[in-house]
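# Architecture at a glance
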Amino acid sequence: MDINLIQAQIEADLSNANSPQALEELRIKYLGRKGLIAELTGSIPALAAEQRGSFGKEVNALKNRLLNLLNEKEKSLAGDSLKPGNADVDIGMPGIAPELGTVHPITRIIGEISTVFNHMGFCVLEGPEVETEHNNFTGLNIPLEHPSRDAFDTFYLKNYTNFLLRSHTSPVQVRTMKKHKPPLAIVVPGRVYRPDAVDASHLFMFHQIEGFLVDENVRFSDLKGILSFFLKSVFSSDIKMRFRPHFFPFTEPSAEVDISCLICKGKGCSACGRKGWLEILGAGMIHPNVFKQVDYDPKKYTGFAFGMGIERIAMLKYGINDIRLFFENDLRFLKQF
Ligand code: PHE
């Protein structure tokens, strides 16, 4: 038998095989138990003794060559299947679109409020949620006997008696003023903690945004101007604002700020408890005792501060009636923002 002829036949067969099935048929035809290679090997004992060795080598070389060719062809067929039109896979089929998330409403309001203050020249800062008792209370002129220092109104850290979860963002005033000299114009968004029983308007964790500005000759009217611009930007340009006298240990004078009800526009409805006004934030001129604690000269510098609950702003702005909705991760709620 002419080995060269056989080899030419094998090569022709392989180049015509264009599918994995055709290739498998050739593998059986040549390498199977009753295949050509087996037949050639089986013919060796019948040969003259001096021919056996060289014929055996040729058959072996042929077998190796055949294995190589089969291998190569297999690879090239696998490569072909990725080309358009040749494939079991339809590479033109539309993909599975990834689900797009949305910004959480609280994050969104923080962004909006920060941007408004940013445009007025305020920097955005953050502070730690675990605070010292000093920054949260003493440094803010909150005396030992003040009820908010009570263990029922503040989360103290077990084994670290001077540390607590901050109950407001005001401690960042103390931190910042200790580090930097005036002029300062800062807003501070962040989480705060109070051991309140959870209901439709209370949570043990919520968000506040603090703002403060310190310089020479800062007046109460500056506070009014800034807050009026801010509240009109976030709600609507036709809202009214009013200051009610209030008390905070760290501001003097202090006020609570209301806006005219967004629903009844001041006439009185069920949303505002028939008052026509909605309480929105606390504010005032920074108390001289706060300045003394951070080595600012209260004769030289004055400043104002304000703080507000972000969930409350979001609830009023979007007409949400239960604060718990923000933190239940219900996508039907969250996808609306
Ligand atoms: N820290 C006060 C609160 O949590 C809010 C406030 C901040 C009031 C700054 C006045 C000035 O209620």
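Residue numbering note: each chain is counted from 1, following its sequence as written. Only residues with pLDDT of at least 70 get local features here, since the model is predicted, and only at 80 or more are side-chain atom pairs given and counted; chain-wide, interface and lining totals rely on the full set of residues. Hydrogens and water molecules were not included; the side-chain quantities draw on all heavy atoms of the structure.

### Considerations on the overall build of the protein
The cut-off we apply is this: Labels follow the DSSP assignment, with helices taken as runs of H or I lasting at least four residues and strands as runs of E lasting at least two, numbered in each case from the N terminus. To get the radius of gyration, use the C-alpha atoms; to get the globule rule, take the number of residues to the power 0.38 and multiply by 2.2 Å. Burial status follows relative accessibility: with a 1.4 Å probe on protein chains alone, a residue under 20% of its type maximum counts as buried, one over 50% as exposed, and anything between as partly exposed.
Summing up its helical and strand segments, the protein has eleven helices and ten strands in all. What you see for the protein is a C-alpha radius of gyration of 40 Å, clearly larger than the 20 Å of a compact globule of 337 residues, by over 25%. Oriented by its inertia axes, the alpha-carbon framework of the protein measures out at about 120 × 45 × 40 Å. Buried positions account for 39% of the 337 residues belonging to the protein.

### A few points about the domain arrangement of the protein
What counts is decided by this rule: Each domain's limits were defined by an automated method or a database of domain assignments.
Each assigned domain of the protein is listed here: domain 1 (3–81) and domain 2 (105–334). For domain 1 versus domain 2, the distance between C-alpha centres works out to 85 Å.

### Description of the site of the ligand
For clarity, the cut-off: For this description, a residue counts as near a given molecule or strand if any of its non-hydrogen atoms is within 4 Å of it. Each polar contact in these results corresponds to two N or O atoms within 3.5 Å; when the atoms are within protein, one needs to be able to donate a hydrogen and the other to accept it, and residues that are neighboring in sequence are counted only if both atoms are side-chain atoms. With residues, only the protein chains shown are counted as cover, and all accessible areas are computed by Shrake-Rupley using a 1.4 Å probe. Lys, Arg, Asp and Glu make up the charged group, whereas Ala, Val, Leu, Ile, Met, Phe, Trp, Tyr, Cys and Pro make up the nonpolar group; the residues left over, Gly among them, are polar.
If you check the shell around the ligand, you find 13 residues, and the closest are His 168, Ser 170, Arg 194, Gln 208 and Gly 307. Contact distances for the ligand include 3.0 Å between a nitrogen atom and a side-chain N or O atom of His 168. Gln 208 places a polar side-chain atom, nitrogen or oxygen, 3.0 Å from an oxygen atom of the ligand. Contact with the protein chains removes 89% of the 320 Å² of surface that the ligand exposes when unbound. Among the secondary structure elements, those contributing two or more residues to the shell around the ligand are strand E6 (205–215), strand E9 (277–286) and strand E10 (302–309). The dominant element in the shell around the ligand, judged by the number of residues it contributes, is E10, at three residues. The residue inventory of the shell around the ligand, partitioned by class, reads five nonpolar, six polar and two charged.

### A closer look at the pattern of salt bridges
A side chain of one charge can pair with a side chain of the opposite charge when the charged atoms of the two come close. Condition: Any Lys or Arg side-chain nitrogen found within 4 Å of a carboxyl oxygen on Asp or Glu counts as a salt bridge.
Enumeration over the complete set of coordinates arrives at 15 salt bridges. In this structure, Glu 112 engages Lys 317 in a salt bridge whose closest nitrogen and oxygen atoms are separated by 3.2 Å. Placement of the pair is Glu 112 in helix H5 (residues 105–119) and Lys 317 in helix H10 (residues 310–318), with a sequence separation of 205 residues. Ionic contacts of the salt-bridge type, sharing partners, join the residues Arg 242, Arg 244, Glu 256 and Asp 258 into one network.

### Overview of a nonpolar patch on the surface
Stated formally: Candidates for patches are residues over 30% relative accessible area with no salt bridge; among them, like charges are joined within 9 Å and nonpolar side chains (Val, Leu, Ile, Met, Phe, Trp, Tyr) within 5 Å.
A contiguous nonpolar patch, built from Val 130, Tyr 160 and Phe 163 and spanning about 280 Å² of accessible area, is present on the exposed surface. Tracing the chain through its elements places Phe 163 in strand E4 (residues 160–165).

### Describing the sheet that holds strand E3 (residues 156–157)
Using the following cut-off: The pairing criterion for strands is at least two bridges between them, as found by DSSP.
Ordered by their spatial adjacency, three strands build an open sheet running E2-E4-E3, and the pairing between neighbours is antiparallel. Each having just a single partner strand, strand E2 (130–132) and E3 make up the two edges of the open sheet. Two elements, E2 and E4, share three bridges in a ladder whose sense is antiparallel. Bridge pairing in E4 places Val 130 opposite Leu 165.

### Here we look at the nonpolar core
Stated precisely, the cut-off is as follows: Working definition of a nonpolar core: buried Ala, Val, Leu, Ile, Met, Phe, Trp, Tyr and Cys residues. They are joined through side-chain atoms within 4.5 Å.
Membership of the largest hydrophobic core comes to 46 residues, with the highest contact counts inside it found for Phe 230, Phe 235, Ile 280, Leu 281, Phe 304 and Phe 306. With 20 residues, the next largest nonpolar core counts Leu 164, Leu 184, Ile 286 and Val 294 among its residues.

### Let's talk about the packing of aromatic side chains
Using the following cut-off: Ring geometry is summarised as follows: Phe, Tyr and Trp rings, the Trp one being its six-membered ring, pair when their centres sit within 6.5 Å, and such pairs are stacked at plane angles under 30 degrees, edge-to-face over 60 and tilted between the two. Over a ring means this: the NZ of a Lys or the CZ of an Arg is within 6 Å of the ring centre and within 35 degrees of the ring normal.
Applying the stated rule across the entire model yields twelve aromatic pairs. Each ring, one from Phe 326 and one from Phe 333, has its centre 5.9 Å from the other, and the planes form 75°; the classification is edge-to-face. When sorted by exposure, Phe 326 lands in the same class as Phe 333, which is buried. An aromatic cluster is present here, built from Phe 117, Phe 122, Phe 230, Phe 304 and Phe 306 joined pairwise through their rings. In this structure, Lys 224 is placed above the aromatic ring of Phe 243, and the distance from its NZ or CZ to the ring centre is 5.5 Å.

### A look at the pairing of E10
With seven of eight residues buried, E10 is to be regarded as a mostly interior element. Pairing geometry for E6 and E10, over eight bridges, is antiparallel. Bridging across to E10, Glu 210 finds its partner in Gly 307. One ladder, built from four bridges, connects E9 with E10; its direction is antiparallel. Looking across to E10, one finds that Gly 284 is bridged to Ala 305.

### As for the sheet that holds strand E1 (residues 123–124)
The condition is simple: In what follows, residue pairs with any heavy atoms lying within 4.5 Å of each other are defined as contacts. Under this scheme, a helix contributes an axis fitted over its contacting stretch, all axes are lines through C-alpha atoms, and angles between N-to-C directions fall in the 0 to 180 degree range.
Taking strand neighbours across the sheet as the criterion, the seven strands line up as E1-E5-E6-E10-E9-E8-E7 in an open arrangement whose pairing is mixed. Pairing within the sheet leaves two strands with one partner each, and these edge strands are E1 and strand E7 (241–248). Of the strands in this sheet, strand E5 (184–193), E6, E9 and E10 are in contact with helix H7 (residues 171–179), which crosses E6 at around 40°. This element, helix H8 (residues 220–234), spans E7, strand E8 (251–260), E9 and E10 of the sheet and lies at about 125° to E7.

### Examining the pairing of E9
Burial analysis of E9 places eight of its ten residues in the buried class, which makes it a mostly covered element. As judged from the eight bridges shared by E8 and E9, these two strands associate in the antiparallel manner. Bridge pairing in E9 links Glu 256 to Gly 282.

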